[in-house]
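# Analysis of the macromolecular model
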Amino acid sequence: MFTLGRRGQCARVAALAFGALQFACPASAASGAAFCSSGAAPRASVPVPRELEAKVAKAFDISVDLARDAAFVRCAGTKLLACWIGANLNCGKVNARRSLPGASEFCRANPDADVVPMAATGHDTIYDWRCVGGRAVATKTVVAVDRQGYDAGNWKEIDR
């Protein structure tokens, strides 16, 4: 049988495991630094906790509803970063692979296409793609990647 204190610890661990960060983080974590210095701060992208929705909405000049439904936060050290999906922006980790099934399929059908569309490559690739003799070829790198493997251009630091 668990004691009351042990049961509370288990609830916090379960909340974190199931992505319910807004319930696990203290409501007083209103600043990015406070949020990211807490022991429960996310290093991977998670939905915006309720207490940070207004700050994220302000940073992207969007409504709180949009911040709640289509934005994510994560910590990089003590910096709180946020990403809003917006116009098909990728808030997940980038794809640095030089072989993509969708691009390969596109190039088999369009053997000398100068551009492989994102519909075939996905929005998470860091390369421009083209077809050469029916093969998909990654050309130049077009996305800056941060230390945690995310598209650095899609994430904004939320003010402290």
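Let us look at the structure shown here.

Rules behind the numbers
Residues numbered from 1 in each chain as written. Predicted model: local features only at pLDDT ≥ 70, side-chain atom pairs only at ≥ 80, totals over all residues. Heavy atoms only, no water. Pairing = 2+ DSSP bridges. Helix = DSSP H or I, 4+ residues; strand = E, 2+ residues; numbered from the N terminus. Disulfide = S-S within 2.5 Å. Buried < 20%, exposed > 50% of the residue type's maximum accessible area, 1.4 Å probe, protein only. Salt bridge = Lys/Arg side-chain N within 4 Å of Asp/Glu carboxyl O.

Bridging between strand β4 (residues 127–132) and strand β5 (residues 135–141) involves five bridges; their strand directions are antiparallel. Bridge pairing links Tyr127 to Thr141 in β5. In sequence, β4 turns back onto β5 through a hairpin of two residues, with Gly133 there showing a positive phi of about 60 degrees.

This model, assessed by the stated rule, comprises three disulfides. The disulfide partner of Cys83 is Cys91, and the S-S distance across this bridge is 2.1 Å. Residues Cys83 and Cys91 are joined by a disulfide whose S-S torsion is about -80 degrees; by sign, that bridge is left-handed. On the basis of relative accessible area, Cys83 is assigned to the buried category, the value being 0%. Taken in sequence order, the bonded cysteines of the protein link in the pattern 1-2, 3-4, 5-6.

Below, the discussion takes up the pattern of salt bridges. Summed over the entire model, instances satisfying the criterion amount to four salt bridges. Residue Arg74 pairs with Asp146 through a salt bridge whose shortest N-O separation is 2.3 Å. Taken together, the residues span a long stretch of sequence, with Arg74 in strand β2 (residues 71–76) and Asp146 in the loop between β5 and β6 (156–157) at a distance of 72 residues. A residue is classified by how much of its surface remains accessible, and Arg74, at 0% relative accessible area, is buried. According to the relative accessible area criterion, Asp146 is partly exposed, its value standing at 22%. Notably, a salt bridge pairs Asp114 with Arg130, separated by 3.8 Å at the nearest N-O pair. Placement of Asp114 in the loop between α6 (101–109) and α7 (118–121) and of Arg130 in strand β4 is noted, with a sequence separation of 16 residues between them. Linked by salt bridges that have partners in common, Glu53, Asp65 and Arg68 make up one network.

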